[in-house]
Amino acid sequence: SLFGLPGQAAHERVLLAADEQTGLKAILAVHSTARGPAFGGCRFWTYDNELAALNDALRLSQGMSLKNALADLPFGGGKAVIIKPAGHFDRPALFAAFGRAVESLQGAYITAEDVGTTTADMLGMQAQTQYVSGIPRAGAFGGDPSPKTAWGVFVSIQAGVRLQLGRESLEGVRVALQGLGAVGWHLAEFLHKAGAKLVVADVDAAKVARAQAELGAQAVGVLEILKADVDVLAPCALGASLNAQTIPQIRAQLIAGAANNQLATVEDGDALQQRGICYLPDYLVNAGGIVSVAREYRNEGEESAVMAEVSRIGERVAELLERVKREDSTPARVADAWARSKLVKPV
Ligand code: NAD
(Lines give C-alpha, C1' and ligand atoms only; values in the text may rest on other atoms or scores of the structure.)
Protein backbone atom coordinates (compact mmCIF):
# COMPACT_ATOMS: atom_id res chain seq x y z
CA SER A 1 0.00 0.00 0.00
CA LEU A 2 1.15 3.52 -0.74
CA PHE A 3 -0.12 4.47 2.71
CA GLY A 4 1.87 1.85 4.64
CA LEU A 5 1.39 -1.78 5.51
CA PRO A 6 -0.77 -2.76 8.49
CA GLY A 7 1.11 -1.96 11.68
CA GLN A 8 3.58 0.31 9.92
CA ALA A 9 3.52 4.08 9.92
CA ALA A 10 2.63 5.64 6.57
CA HIS A 11 4.91 8.18 4.94
CA GLU A 12 4.32 11.74 6.07
CA ARG A 13 4.98 13.17 2.64
CA VAL A 14 6.12 12.06 -0.81
CA LEU A 15 7.12 14.54 -3.50
CA LEU A 16 7.27 13.66 -7.18
CA ALA A 17 9.63 16.20 -8.71
CA ALA A 18 9.91 16.55 -12.49
CA ASP A 19 11.83 19.03 -14.61
CA GLU A 20 11.37 18.87 -18.34
CA GLN A 21 14.49 20.82 -19.26
CA THR A 22 16.95 18.54 -17.44
CA GLY A 23 14.93 15.31 -17.61
CA LEU A 24 14.71 15.12 -13.83
CA LYS A 25 12.26 12.57 -12.47
CA ALA A 26 12.75 12.23 -8.74
CA ILE A 27 10.84 10.87 -5.76
CA LEU A 28 11.56 12.48 -2.40
CA ALA A 29 10.05 10.39 0.39
CA VAL A 30 9.73 11.75 3.92
CA HIS A 31 8.79 8.79 6.09
CA SER A 32 8.98 10.32 9.55
CA THR A 33 10.01 13.62 11.09
CA ALA A 34 9.11 12.50 14.63
CA ARG A 35 12.76 12.63 15.73
CA GLY A 36 13.67 15.64 13.57
CA PRO A 37 14.08 16.49 9.87
CA ALA A 38 14.09 13.42 7.61
CA PHE A 39 17.70 12.59 6.68
CA GLY A 40 18.77 10.06 4.07
CA GLY A 41 20.74 9.75 0.85
CA CYS A 42 19.78 10.16 -2.78
CA ARG A 43 19.95 7.14 -5.09
CA PHE A 44 20.59 7.65 -8.82
CA TRP A 45 19.58 4.48 -10.57
CA THR A 46 17.98 2.87 -13.62
CA TYR A 47 14.60 1.36 -12.80
CA ASP A 48 12.40 -1.00 -14.83
CA ASN A 49 9.50 1.38 -14.32
CA GLU A 50 8.37 4.32 -12.19
CA LEU A 51 6.50 2.14 -9.69
CA ALA A 52 9.69 0.23 -8.97
CA ALA A 53 11.41 3.55 -8.25
CA LEU A 54 8.58 4.62 -5.96
CA ASN A 55 8.70 1.31 -4.12
CA ASP A 56 12.46 1.69 -3.66
CA ALA A 57 12.09 5.24 -2.31
CA LEU A 58 9.34 4.21 0.13
CA ARG A 59 11.20 1.17 1.44
CA LEU A 60 14.50 3.01 1.75
CA SER A 61 13.02 6.02 3.52
CA GLN A 62 11.22 3.84 6.05
CA GLY A 63 14.52 2.06 6.65
CA MET A 64 16.14 5.44 7.32
CA SER A 65 13.60 6.17 10.07
CA LEU A 66 14.57 2.93 11.80
CA LYS A 67 18.29 3.47 11.16
CA ASN A 68 18.37 7.03 12.49
CA ALA A 69 16.30 6.05 15.53
CA LEU A 70 18.51 3.09 16.46
CA ALA A 71 21.59 5.26 15.99
CA ASP A 72 20.05 7.79 18.42
CA LEU A 73 20.34 10.58 15.84
CA PRO A 74 18.09 13.64 16.18
CA PHE A 75 16.73 13.01 12.68
CA GLY A 76 13.77 11.32 11.10
CA GLY A 77 13.85 9.12 8.01
CA GLY A 78 13.72 10.07 4.36
CA LYS A 79 15.28 9.09 1.07
CA ALA A 80 15.26 10.30 -2.50
CA VAL A 81 15.47 8.40 -5.75
CA ILE A 82 16.36 9.97 -9.08
CA ILE A 83 15.42 7.86 -12.09
CA LYS A 84 18.47 7.85 -14.36
CA PRO A 85 17.44 9.38 -17.70
CA ALA A 86 17.88 7.20 -20.77
CA GLY A 87 20.40 8.64 -23.23
CA HIS A 88 22.44 11.83 -22.86
CA PHE A 89 21.84 14.20 -19.94
CA ASP A 90 23.60 17.14 -18.30
CA ARG A 91 24.53 15.78 -14.85
CA PRO A 92 25.23 19.09 -13.05
CA ALA A 93 21.98 20.58 -14.41
CA LEU A 94 20.03 17.48 -13.40
CA PHE A 95 21.38 17.61 -9.85
CA ALA A 96 20.76 21.36 -9.69
CA ALA A 97 17.10 20.67 -10.50
CA PHE A 98 17.07 17.97 -7.83
CA GLY A 99 18.62 20.46 -5.37
CA ARG A 100 15.73 22.85 -6.04
CA ALA A 101 13.27 20.06 -5.27
CA VAL A 102 15.08 19.38 -1.98
CA GLU A 103 14.98 23.10 -1.15
CA SER A 104 11.24 23.22 -1.86
CA LEU A 105 10.68 20.92 1.15
CA GLN A 106 12.17 23.67 3.32
CA GLY A 107 14.28 21.40 5.48
CA ALA A 108 11.78 18.58 5.99
CA TYR A 109 14.28 16.41 4.05
CA ILE A 110 18.09 16.57 4.05
CA THR A 111 19.97 14.72 1.33
CA ALA A 112 23.42 13.11 0.94
CA GLU A 113 25.12 10.41 -1.15
CA ASP A 114 23.73 6.96 -1.86
CA VAL A 115 24.27 4.43 -4.63
CA GLY A 116 25.01 6.26 -7.89
CA THR A 117 25.65 9.71 -6.38
CA THR A 118 28.98 11.30 -5.53
CA THR A 119 30.50 14.02 -3.36
CA ALA A 120 30.73 16.13 -6.57
CA ASP A 121 26.94 15.86 -7.01
CA MET A 122 26.41 17.03 -3.41
CA LEU A 123 28.90 19.86 -3.82
CA GLY A 124 27.15 21.02 -7.00
CA MET A 125 23.80 21.06 -5.25
CA GLN A 126 24.97 23.44 -2.55
CA ALA A 127 24.17 26.41 -4.78
CA GLN A 128 20.51 25.33 -4.81
CA THR A 129 19.93 24.08 -1.31
CA GLN A 130 21.35 24.23 2.18
CA TYR A 131 19.76 20.88 3.02
CA VAL A 132 22.61 18.73 1.74
CA SER A 133 25.53 16.94 3.42
CA GLY A 134 28.37 14.58 2.52
CA ILE A 135 30.61 17.36 1.23
CA PRO A 136 34.39 17.33 1.85
CA ARG A 137 35.50 20.20 4.11
CA ALA A 138 39.01 21.58 4.41
CA GLY A 139 40.43 20.86 7.86
CA ALA A 140 37.36 18.98 9.11
CA PHE A 141 35.84 15.55 8.64
CA GLY A 142 33.11 15.14 6.09
CA GLY A 143 32.42 14.06 2.54
CA ASP A 144 32.14 10.45 1.39
CA PRO A 145 30.36 8.53 4.19
CA SER A 146 31.31 5.05 2.90
CA PRO A 147 34.48 4.50 5.01
CA LYS A 148 32.42 5.22 8.14
CA THR A 149 29.68 2.86 6.96
CA ALA A 150 32.31 0.17 6.39
CA TRP A 151 33.73 0.72 9.88
CA GLY A 152 30.28 0.25 11.44
CA VAL A 153 29.82 -3.01 9.52
CA PHE A 154 33.30 -4.12 10.58
CA VAL A 155 32.68 -3.58 14.31
CA SER A 156 29.32 -5.38 13.91
CA ILE A 157 31.05 -8.39 12.35
CA GLN A 158 33.59 -8.33 15.20
CA ALA A 159 30.78 -8.31 17.79
CA GLY A 160 28.77 -10.99 15.98
CA VAL A 161 31.80 -13.27 15.57
CA ARG A 162 32.62 -12.91 19.26
CA LEU A 163 29.06 -13.41 20.56
CA GLN A 164 27.63 -15.87 18.04
CA LEU A 165 30.66 -17.79 16.82
CA GLY A 166 32.57 -17.64 20.11
CA ARG A 167 35.76 -16.40 18.46
CA GLU A 168 37.67 -13.53 20.03
CA SER A 169 39.49 -12.43 16.88
CA LEU A 170 38.83 -12.27 13.15
CA GLU A 171 42.11 -14.08 12.45
CA GLY A 172 41.28 -16.87 10.02
CA VAL A 173 37.54 -16.13 10.00
CA ARG A 174 36.19 -16.66 6.46
CA VAL A 175 34.07 -13.77 5.16
CA ALA A 176 32.18 -13.63 1.86
CA LEU A 177 31.73 -10.12 0.47
CA GLN A 178 29.01 -9.51 -2.10
CA GLY A 179 29.96 -6.22 -3.78
CA LEU A 180 33.29 -4.39 -3.64
CA GLY A 181 31.99 -0.86 -4.16
CA ALA A 182 32.50 2.21 -2.00
CA VAL A 183 31.59 0.42 1.24
CA GLY A 184 32.53 -3.14 0.28
CA TRP A 185 36.07 -2.20 -0.65
CA HIS A 186 36.78 -0.38 2.63
CA LEU A 187 35.21 -3.27 4.55
CA ALA A 188 37.41 -5.74 2.67
CA GLU A 189 40.48 -3.74 3.68
CA PHE A 190 39.47 -3.61 7.37
CA LEU A 191 38.76 -7.36 7.38
CA HIS A 192 42.00 -8.22 5.63
CA LYS A 193 43.97 -6.17 8.12
CA ALA A 194 42.25 -8.04 10.97
CA GLY A 195 43.36 -11.38 9.50
CA ALA A 196 40.07 -12.53 7.94
CA LYS A 197 40.11 -14.72 4.83
CA LEU A 198 38.07 -13.12 2.05
CA VAL A 199 35.88 -14.61 -0.66
CA VAL A 200 34.60 -11.90 -2.99
CA ALA A 201 32.28 -11.29 -5.93
CA ASP A 202 31.39 -8.23 -7.95
CA VAL A 203 29.91 -7.70 -11.40
CA ASP A 204 32.92 -5.45 -12.03
CA ALA A 205 35.83 -7.81 -12.80
CA ALA A 206 38.44 -5.08 -12.21
CA LYS A 207 37.40 -4.72 -8.55
CA VAL A 208 37.60 -8.47 -8.06
CA ALA A 209 41.06 -8.61 -9.65
CA ARG A 210 42.24 -5.83 -7.35
CA ALA A 211 40.94 -7.68 -4.26
CA GLN A 212 42.77 -10.82 -5.40
CA ALA A 213 46.00 -8.91 -5.97
CA GLU A 214 45.95 -6.60 -2.94
CA LEU A 215 44.01 -8.54 -0.31
CA GLY A 216 44.69 -12.15 -1.26
CA ALA A 217 40.95 -12.66 -1.77
CA GLN A 218 39.45 -15.72 -3.41
CA ALA A 219 37.13 -14.79 -6.27
CA VAL A 220 33.83 -16.52 -6.99
CA GLY A 221 30.99 -15.73 -9.40
CA VAL A 222 28.15 -13.39 -8.46
CA LEU A 223 25.76 -16.35 -8.41
CA GLU A 224 28.08 -18.32 -6.11
CA ILE A 225 28.90 -15.76 -3.43
CA LEU A 226 25.83 -16.33 -1.25
CA LYS A 227 26.53 -20.08 -1.23
CA ALA A 228 30.20 -19.72 -0.32
CA ASP A 229 31.58 -21.97 2.42
CA VAL A 230 32.33 -19.19 4.93
CA ASP A 231 31.65 -18.16 8.52
CA VAL A 232 30.29 -14.69 7.72
CA LEU A 233 28.37 -13.27 4.77
CA ALA A 234 28.52 -9.51 4.13
CA PRO A 235 26.00 -8.35 1.49
CA CYS A 236 27.32 -5.01 0.22
CA ALA A 237 25.62 -4.71 -3.19
CA LEU A 238 21.89 -4.05 -3.57
CA GLY A 239 18.80 -5.05 -1.60
CA ALA A 240 16.64 -8.20 -1.30
CA SER A 241 19.59 -10.59 -1.65
CA LEU A 242 18.22 -12.65 1.28
CA ASN A 243 15.08 -14.29 -0.05
CA ALA A 244 13.24 -17.60 -0.37
CA GLN A 245 15.55 -18.75 -3.19
CA THR A 246 18.89 -17.80 -1.63
CA ILE A 247 18.34 -18.53 2.08
CA PRO A 248 18.33 -22.36 1.78
CA GLN A 249 21.75 -22.17 0.08
CA ILE A 250 23.53 -19.91 2.58
CA ARG A 251 26.33 -21.62 4.52
CA ALA A 252 27.50 -18.70 6.68
CA GLN A 253 26.48 -18.64 10.35
CA LEU A 254 26.43 -14.85 10.59
CA ILE A 255 25.20 -12.21 8.13
CA ALA A 256 26.20 -8.55 8.49
CA GLY A 257 26.59 -6.20 5.55
CA ALA A 258 26.08 -2.69 4.25
CA ALA A 259 23.34 -3.20 1.67
CA ASN A 260 20.00 -1.64 2.57
CA ASN A 261 16.87 -3.82 2.70
CA GLN A 262 18.69 -7.14 2.53
CA LEU A 263 15.65 -9.16 3.60
CA ALA A 264 13.09 -9.46 0.81
CA THR A 265 10.37 -9.93 3.45
CA VAL A 266 10.24 -9.99 7.25
CA GLU A 267 9.50 -13.74 7.08
CA ASP A 268 12.90 -14.21 5.45
CA GLY A 269 14.38 -13.12 8.78
CA ASP A 270 12.44 -15.95 10.45
CA ALA A 271 13.69 -18.41 7.83
CA LEU A 272 17.30 -17.44 8.55
CA GLN A 273 16.76 -17.95 12.27
CA GLN A 274 15.20 -21.36 11.64
CA ARG A 275 18.34 -22.33 9.72
CA GLY A 276 20.48 -21.23 12.69
CA ILE A 277 21.87 -18.23 10.83
CA CYS A 278 22.22 -15.00 12.80
CA TYR A 279 21.20 -12.01 10.67
CA LEU A 280 22.28 -8.61 11.99
CA PRO A 281 19.76 -6.10 10.58
CA ASP A 282 21.18 -3.87 7.86
CA TYR A 283 19.88 -0.60 9.29
CA LEU A 284 21.59 -1.31 12.60
CA VAL A 285 25.01 -2.22 11.22
CA ASN A 286 25.21 0.21 8.27
CA ALA A 287 24.45 3.42 10.21
CA GLY A 288 28.07 4.66 10.19
CA GLY A 289 27.56 6.74 7.05
CA ILE A 290 24.47 8.54 8.32
CA VAL A 291 26.20 9.21 11.64
CA SER A 292 28.98 10.86 9.63
CA VAL A 293 26.82 13.03 7.35
CA ALA A 294 24.50 13.94 10.24
CA ARG A 295 27.39 15.16 12.39
CA GLU A 296 28.87 16.96 9.40
CA TYR A 297 25.53 18.65 8.73
CA ARG A 298 25.31 19.86 12.32
CA ASN A 299 28.96 20.85 12.23
CA GLU A 300 29.56 18.68 15.29
CA GLY A 301 32.42 16.50 16.43
CA GLU A 302 35.79 15.64 15.00
CA GLU A 303 36.88 12.61 13.02
CA SER A 304 37.90 10.69 16.18
CA ALA A 305 34.59 11.49 17.95
CA VAL A 306 32.61 10.40 14.90
CA MET A 307 34.61 7.17 14.66
CA ALA A 308 33.96 6.52 18.37
CA GLU A 309 30.25 7.07 17.79
CA VAL A 310 30.30 4.68 14.84
CA SER A 311 32.13 2.09 16.96
CA ARG A 312 29.17 2.12 19.36
CA ILE A 313 27.25 0.20 16.69
CA GLY A 314 29.19 -2.87 17.96
CA GLU A 315 27.73 -2.30 21.45
CA ARG A 316 24.23 -2.04 19.98
CA VAL A 317 24.75 -5.36 18.21
CA ALA A 318 25.60 -6.90 21.60
CA GLU A 319 22.50 -5.32 23.14
CA LEU A 320 20.33 -6.58 20.27
CA LEU A 321 21.60 -10.14 20.70
CA GLU A 322 20.85 -9.93 24.44
CA ARG A 323 17.31 -8.73 23.69
CA VAL A 324 16.84 -11.53 21.13
CA LYS A 325 17.74 -14.11 23.80
CA ARG A 326 15.44 -12.49 26.36
CA GLU A 327 12.50 -12.16 24.02
CA ASP A 328 13.02 -15.49 22.24
CA SER A 329 12.54 -13.78 18.89
CA THR A 330 14.62 -12.97 15.79
CA PRO A 331 17.13 -10.12 15.41
CA ALA A 332 15.06 -8.63 12.57
CA ARG A 333 11.85 -8.52 14.60
CA VAL A 334 13.51 -7.32 17.81
CA ALA A 335 15.44 -4.56 15.99
CA ASP A 336 12.27 -3.43 14.23
CA ALA A 337 10.30 -3.12 17.49
CA TRP A 338 13.27 -1.48 19.24
CA ALA A 339 13.65 1.11 16.46
CA ARG A 340 9.90 1.80 16.27
CA SER A 341 9.79 2.44 20.02
CA LYS A 342 12.29 5.25 19.34
CA LEU A 343 10.29 6.97 16.60
CA VAL A 344 9.57 9.85 18.94
CA LYS A 345 11.25 13.17 19.56
CA PRO A 346 14.51 12.56 21.48
CA VAL A 347 14.62 14.15 24.95
P1 NAD B 1 28.48 1.08 -4.77
O2 NAD B 1 27.60 1.30 -5.94
O3 NAD B 1 29.74 1.85 -4.65
O4 NAD B 1 28.87 -0.47 -4.67
C5 NAD B 1 28.03 -1.53 -5.01
C6 NAD B 1 28.91 -2.61 -5.61
O7 NAD B 1 28.14 -3.78 -5.81
C8 NAD B 1 29.48 -2.22 -6.98
O9 NAD B 1 30.87 -2.50 -7.01
C10 NAD B 1 28.71 -3.12 -7.95
O11 NAD B 1 29.47 -3.45 -9.10
C12 NAD B 1 28.45 -4.32 -7.08
N13 NAD B 1 27.34 -5.17 -7.49
C14 NAD B 1 26.16 -4.83 -8.07
N15 NAD B 1 25.40 -5.91 -8.26
C16 NAD B 1 26.11 -6.97 -7.79
C17 NAD B 1 25.86 -8.36 -7.71
N18 NAD B 1 24.71 -8.90 -8.14
N19 NAD B 1 26.80 -9.16 -7.16
C20 NAD B 1 27.96 -8.64 -6.71
N21 NAD B 1 28.26 -7.33 -6.78
C22 NAD B 1 27.34 -6.51 -7.32
O23 NAD B 1 27.56 1.29 -3.47
P24 NAD B 1 28.00 1.47 -1.97
O25 NAD B 1 27.99 2.92 -1.63
O26 NAD B 1 29.21 0.65 -1.68
O27 NAD B 1 26.74 0.83 -1.23
C28 NAD B 1 26.54 -0.58 -1.19
C29 NAD B 1 25.25 -0.86 -0.44
O30 NAD B 1 25.34 -0.33 0.88
C31 NAD B 1 23.99 -0.22 -1.05
O32 NAD B 1 22.90 -1.06 -0.84
C33 NAD B 1 23.81 1.06 -0.25
O34 NAD B 1 22.48 1.51 -0.23
C35 NAD B 1 24.25 0.58 1.11
N36 NAD B 1 24.72 1.66 1.98
C37 NAD B 1 25.74 2.45 1.59
C38 NAD B 1 26.18 3.47 2.44
C39 NAD B 1 27.34 4.35 2.08
O40 NAD B 1 27.88 5.02 2.97
N41 NAD B 1 27.79 4.37 0.84
C42 NAD B 1 25.55 3.67 3.69
C43 NAD B 1 24.52 2.80 4.07
C44 NAD B 1 24.10 1.80 3.20
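Residues numbered from 1 in each chain as written. Predicted model: local features only at pLDDT ≥ 70, side-chain atom pairs only at ≥ 80, totals over all residues. Heavy atoms only, no water.

Participant: How do you make sense of the sheet that holds strand β11 (residues 254–255) when you look at a structure like this?
Facilitator: Working definition: the strands of a sheet are paired by backbone hydrogen bonds and lie parallel or antiparallel to each other. The strand order across the open sheet built from 6 strands is β9-β8-β7-β10-β11-β12, with neighbouring strands paired in parallel fashion. With partners counted over all chains shown, the strands left at the sheet margins are β9 (218–219) and β12 (278–279), one partner each. Strands β8 (197–201) and β9 of the sheet are contacted by helix α6 (residues 205–215), whose axis makes an angle of about 165 degrees with β8. (Pairing = 2+ DSSP bridges. Helix = DSSP H or I, 4+ residues; strand = E, 2+ residues; numbered from the N terminus. Contact = heavy atoms within 4.5 Å. Axes fitted to C-alpha atoms, helices over the stretch in contact; angles between N-to-C directions.)

Participant: Looking at this model, I keep getting lost on the pairing of strand β1 (residues 13–19). Mind explaining?
Facilitator: As a general feature of sheets, a regular strand has side chains that alternate between the two faces. In this sheet, strand β2 (residues 24–32) lies alongside β1 in antiparallel orientation, the contact comprising 7 bridges. Across the sheet, residue alanine 18 finds its bridge partner in β2, namely lysine 25. Count of turn residues in the β1/β2 antiparallel hairpin: 4 residues, of which glycine 23 carries a positive phi of about 85 degrees.

Participant: Looking at this model, I keep getting lost on the site of the ligand. Mind explaining?
Facilitator: The local shell around the ligand holds 24 residues, among which Thr149, Val183, Asp202, Lys207 and Ala237 are the closest. In this structure, an oxygen atom belonging to the ligand sits 2.9 Å away from a main-chain N or O atom of alanine 182. Within the complex, the protein chains bury 81% of what would otherwise be the 830 Å² of accessible surface of the ligand. At a threshold of 2 Å from the grid points, most atoms of the ligand map onto the largest pocket. Counting only elements with at least two residues in the shell around the ligand, the list comes to α4 (146–164) and α5 (182–193). (Near = heavy atom within 4 Å. Polar contact = N/O pair within 3.5 Å; in protein donor to acceptor, adjacent residues only side chain to side chain. Areas by Shrake-Rupley, 256 points an atom, 1.4 Å probe, with all protein chains shown as cover. 1 Å grid on protein atoms, 1.4 Å probe; cavity = no way out; pocket = protein on both sides within 12 Å on 5 of 7 lines; lining within 4 Å. Sits in = over half its atoms within 2 Å of the grid points.)

Participant: So what exactly am I meant to see when it comes to the nonpolar core here?
Facilitator: Looking at soluble globular proteins, one finds that nonpolar side chains tend to be buried together. Counting 87 residues, the largest nonpolar core has Leu28, Phe98, Ile157, Leu177, Leu187, Leu191 and Leu198 as its most contacted members. When residues of this core are assigned to domains, at least three map to each of domain 1 (13–125) and domain 2 (146–287 + 315–340). Those residues in contact with phenylalanine 98 that sit more than four places away from it in its chain are Leu24, Ala26, Leu28, Cys42, Ala80, Ile82, Thr111 and Met125. Membership of the second largest hydrophobic core comes to 18 residues, among which are Leu233, Ile247, Ala252 and Ala332. (Core = buried A, V, L, I, M, F, W, Y, C linked by side-chain atoms within 4.5 Å. Buried < 20%, exposed > 50% of the residue type's maximum accessible area, 1.4 Å probe, protein only. Domains from an automatic or database assignment.)

Participant: Would you mind going over helix α9 (residues 288–297) with me for this structure?
Facilitator: The periodicity of an α-helix, 3.6 residues per turn, causes residues three or four places apart in sequence to face the same way. Within α9, 9 of the 10 residues are buried, which leaves it mostly tucked inside the rest of the structure. Where α9 is concerned, the buried positions are Gly288, Gly289, Ile290, Val291, Ser292, Val293, Ala294, Arg295 and Glu296. Here the buried face of α9 lies against β3 (38–39), α1 (50–70), α4 and α10 (303–327). Where α9 ends, the next residue or the one after it, asparagine 299, has phi of about 55 degrees, a positive value.

Participant: I tried to follow the layout of surface pockets on my own but got confused; where do I start?
Facilitator: It is a probe the size of a water molecule, rolled over the atoms, that shows where empty space is left. In this model, the largest pocket occupies a volume close to 990 Å³. Every element with two or more residues in the lining of the largest pocket is listed here: β4 (42–45), α1, α4, α5 and α9. Domain assignment of the residues forming the lining of the largest pocket places at least three in each of domain 1 (13–125) and domain 2 (146–287 + 315–340). (Points joined across faces, edges and corners; volume = space filled by probe spheres on them.)

Participant: Can you help me understand the pattern of salt bridges in this one?
Facilitator: Pairing between side chains becomes possible if they bear opposite charge and their charged atoms approach one another. Counted by the stated rule, this structure contains 22 salt bridges. Between glutamate 214 and arginine 210 there is a salt bridge; the shortest N-O distance is 3.1 Å. Of this pair, glutamate 214 and arginine 210 both sit in helix α6, 4 residues apart, which is roughly one turn of the helix. The residue arginine 298 makes a salt bridge to glutamate 300 at a minimum N-O spacing of 2.8 Å. A relative accessible area of 39% means that arginine 298 is categorised as partly exposed. Via salt bridges that share partners, Arg167, Arg174, Asp229, Asp231 and Arg251 belong to a single interconnected network. (Salt bridge = Lys/Arg side-chain N within 4 Å of Asp/Glu carboxyl O.)

Distances and angles like these do not, on their own, reveal function.
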